[in-house]
Each structure stands twice: as C-alpha cells, then as structure tokens.
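Tertiary structure, described
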Amino acid sequence: MTPIAVAYITAAQGGGDSERWTRMLGEALGRPVDMRVWPNIGRAEDVTVALAWKAPGGALARFPNLRLIVSLGMGVDHLLLDAKLPADIPIVRIMDEGLIGQMSEYAIYYALRHHRAIPAYEASQRARQWKVEDFVDTADRRIGIMGLGAIGTDVARKFLGLGFPTSGWSRTPRNLVGIACHHGAAGLDAFLAGTDILVDVLPLTPETTGMIDGRLLGKLPKGAYFINMARGGHVVDADLLAALDSGHLSGATLDVFNEEPLPGSHPYWTHPKVLVTPHIAGETNPRTAAASVADNIRRLEAGQPLIHTIDRAAGY
Ligand SMILES: NC(=O)c1ccc[n+]([C@@H]2O[C@H](COP(=O)([O-])OP(=O)(O)OC[C@H]3O[C@@H](n4cnc5c(N)ncnc54)[C@H](OP(=O)(O)O)[C@@H]3O)[C@@H](O)[C@H]2O)c1
C-alpha cells in the first residue's frame, strides 16, 4: 500500500512525539505513514499533510503540494502567528477526548483544592494543629467557565455533575442543560458577578488577548479564585498580582503564561497565593488524537467536507 507522506513540524527538541504519531496515525489510517520530521523533510513536493505544533515561522510555506494543516494541539494560536502561513490551505485541529478529559481533571482538582481549603489543612498539619476551616456548601460555590467549546463544555458538565452551580460564557449563544449560559460583551458582567471560581478555557485571539485585566477581575465577587488553563496571553499579569495582593482574589492556579517557560525571576513563582504548573493541564495524546486526524485525511482524499476546521478570521 502506498505510504502517505506527512510532515511533522515542531520546535520541540528531539522530534517531539513523532514516533508515536507515525505508529498511531498509520494504525488509524490502515496504511503506512512516511513521516518527515522537521527539518529532515526530504522531497518537500511529496508532502500533502502537515502535523504542526509551534512550527518555526515559514516552515509550512515550504511544501508546494500541501493540502491540509493539522494543529497537534487544540489551540491554534501557535499557527496563526506565522506571517508566512499558506493562505488557502485548510487548517484543522485534533479533537482529543483524552486531552479534554485531562483539562477537566485539572480544573476540578484545583477548584476542589480551593473549595475544600486543602492548603489551610496542609498548613495546619505542618503546625500540628487540629483546626477546622469554615464550611462552604457546594451549592454556594459558583463555578464560571470562560469558553464553552470542546473543553469548556466538558469542564462545565463535570462541575455540574459534582453539584456546583455552573455557568459559562461564550462568544455566541450556547444552550447547555443545567448550565447558565452567557455570551458576548453584554453577558460578561452578569457572568462574572455570579462566579466564585473562574476557569479560563478561551482560545487566544485578538479579542481575548489581555482581556483578563484589573477591570474584569474587579467584577468578580471579593474572594473569588482564578484558574487559567487556557493561554497566558489573556492575562495582564500586573493586574492579576494587584488583585491577589489587595485580597480581592483569594488565589490563582496558573498553567499558562505570557512567557513560557516562566522566567525564574517572575513573582508568580514565589507568590503565596499562586500555584504554578508548567503548561501541563492537557497533553496531546496520539493514542486518543490520531483517529480525528485520520478521519480528516480520509475526508480530504474523498473530497468530503473536513471536520474540526478553524475559522481563521475568528482566530479559533
Ligand atoms: N493548558 C493546556 O494544556 C491547554 C490544552 C489544550 C487547550 N488549551 C487552550 O484551551 C483553549 C480552548 O480550547 P477548546 O478546544 O475548548 O476551544 P473551542 O472549542 O474553539 O472553544 C472556544 C470557546 O471560546 C469561546 N470564545 C472564543 N472567543 C471568544 C470571545 N471573544 N468572547 C467569548 N467567548 C469566546 C467560543 O465561543 P463560541 O462557542 O461562541 O464559538 C467557544 O465557546 C484552546 O484554544 C487552548 O488555548 C490549553
């Protein structure tokens, strides 16, 4: 069977996960994959499909017969930054149920940690102190999810399943059973006013860049908690630090940052109210993601409409 030539382009050292992708995509397609791992791409003319994650600028313009660009992450901001990104080639993203599940685990773990006052109990144990913290009923801890897409919907449904009053905010109207859905600029203030734990799972677009600033944080109730597992570019760091220092926010868990890796001198590292993780909320898993890529390659070859496509104008 003729192998399909696929380029695997990532800035990750050591070729990233190319070996697993070659195996898993081959299995999902039912035919061999001739994986060309950047920068060793061989004859660029052979390649029709590119798998990309933080590709070096201009790399995707190197393939004259490219017909499909696949983002190996669920975010596509890394692709749209490339000034030489070929204009007329469709972009799709992976749809990875495994990654979606990990994102929900992350949000729920850090929300429950805050909700059940675990940091206070850890401190009490260190002090050999038997001290019971104030009880907050789950029914009184309101979760607000910014972004009700593939990930936000799963996160919202799982919080609802745990008994938390859950709301969400999106660009266009959404309708999710049991979840209070808000949308657009007009819906933002009401959404924020009813949120005790804010979970950011928006894409990074021109509209969302820098939107989590002092004004927005000031609309959350006093004592609110913030979890960012989306993109650091949403946040004005100085404003978030000011909201934590003033006591308006009770704490934050941050997985993503304006600059990654987070520089050693950054105040987040040592801030007593901040938990830092190194962009690990959701890892793309070829085992769970390859089927969606194979599906789109089959559709491309059969001339059928692609799925999980990106709206370049909207930026996601
Ligand atoms: N930390 C990690 O490890 C990690 C891993 C994976 C993904 N992520 C991040 O998570 C993001 C979300 O992923 P996803 O798959 O859930 O995205 P998605 O399916 O594209 O959904 C995006 C959601 O955000 C909403 N939205 C977009 N622009 C908006 C705006 N200006 N105002 C209000 N709402 C807006 C969309 O509204 P509509 O419903 O109206 O379209 C949609 O509900 C990714 O873009 C990526 O940045 C992070």
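As a starting point, this report considers the structure included with it. Please read all numbers here as calculations on a predicted model, not as lab measurements.

Calculation rules
- Residues numbered from 1 in each chain as written.
- Predicted model: local features only at pLDDT ≥ 70, side-chain atom pairs only at ≥ 80, totals over all residues.
- Heavy atoms only, no water.
- Pairing = 2+ DSSP bridges.
- Helix = DSSP H or I, 4+ residues; strand = E, 2+ residues; numbered from the N terminus.
- Axes fitted to C-alpha atoms, helices over the stretch in contact; angles between N-to-C directions.
- Patch = residues over 30% accessible without salt bridge, like charges linked within 9 Å, V, L, I, M, F, W, Y side chains within 5 Å.
- Areas by Shrake-Rupley, 256 points an atom, 1.4 Å probe, with all protein chains shown as cover.
- Salt bridge = Lys/Arg side-chain N within 4 Å of Asp/Glu carboxyl O.
- Buried < 20%, exposed > 50% of the residue type's maximum accessible area, 1.4 Å probe, protein only.
- Core = buried A, V, L, I, M, F, W, Y, C linked by side-chain atoms within 4.5 Å.
- Contact = heavy atoms within 4.5 Å.
- Near = heavy atom within 4 Å.
- Polar contact = N/O pair within 3.5 Å; in protein donor to acceptor, adjacent residues only side chain to side chain.

As a further point, take the sheet that holds strand E3 (residues 49-53). As summarised here, the arrangement of the five strands in space is E2-E1-E3-E4-E5, forming an open sheet in which the pairing is parallel. For this open sheet the edge positions go to strand E2 (33-37) and strand E5 (91-93), each flanked by a neighbour on one side alone. Taken over all neighbouring pairs, the strand axes of this sheet differ in orientation by 25° on average, direction set aside. Bridge count between strand E1 (residues 4-10) and E2: five bridges; the pairing is parallel. Paired with alanine 5 across the strands is aspartate 34, a residue of E2.

A few words on a nonpolar patch on the surface. Taken together, Ile118, Tyr121, Trp130 and Val132 make up a surface patch of nonpolar side chains, about 510 Å² in accessible area. Mapped onto the fold, valine 132 is located in the loop between helix H4 (118-126) and strand E6 (143-146). Residue valine 132 is classed as exposed on the basis of its relative accessible area of 68%.

All right, on to the nonpolar core then. Judged by nonpolar contacts, the single largest core of 49 residues is most densely connected at Trp21, Leu51, Phe159 and Met229. Ranked by residues supplied to this core, first place goes to helix H3 (residues 97-115) with eight residues. Excluding residues that lie within four positions of it along the chain, phenylalanine 159 makes contacts with Ala107, Ile108, Ala111, Ile143, Ile145, Phe164, Thr166 and Val199. Core analysis: the next-biggest nonpolar cluster, separate from the first, contains 26 residues, Phe191, Leu202, Ala252 and Leu262 among them.

Let us now look at the site of the ligand. Residues in contact with the ligand amount to 30 residues; listed here are only the nearest, Arg93, Leu148, Ile151, Thr172 and Tyr316. Within the side chain of arginine 231, one N or O atom sits 3.3 Å away from an oxygen atom of the ligand. For the ligand, whose unbound accessible area comes to 940 Å², protein coverage reaches 93%. For the shell around the ligand, the secondary structure elements donating two or more residues are H3, helix H5 (150-161) and strand E7 (166-170). The greatest single-element share of the shell around the ligand, amounting to three residues, is contributed by H5.

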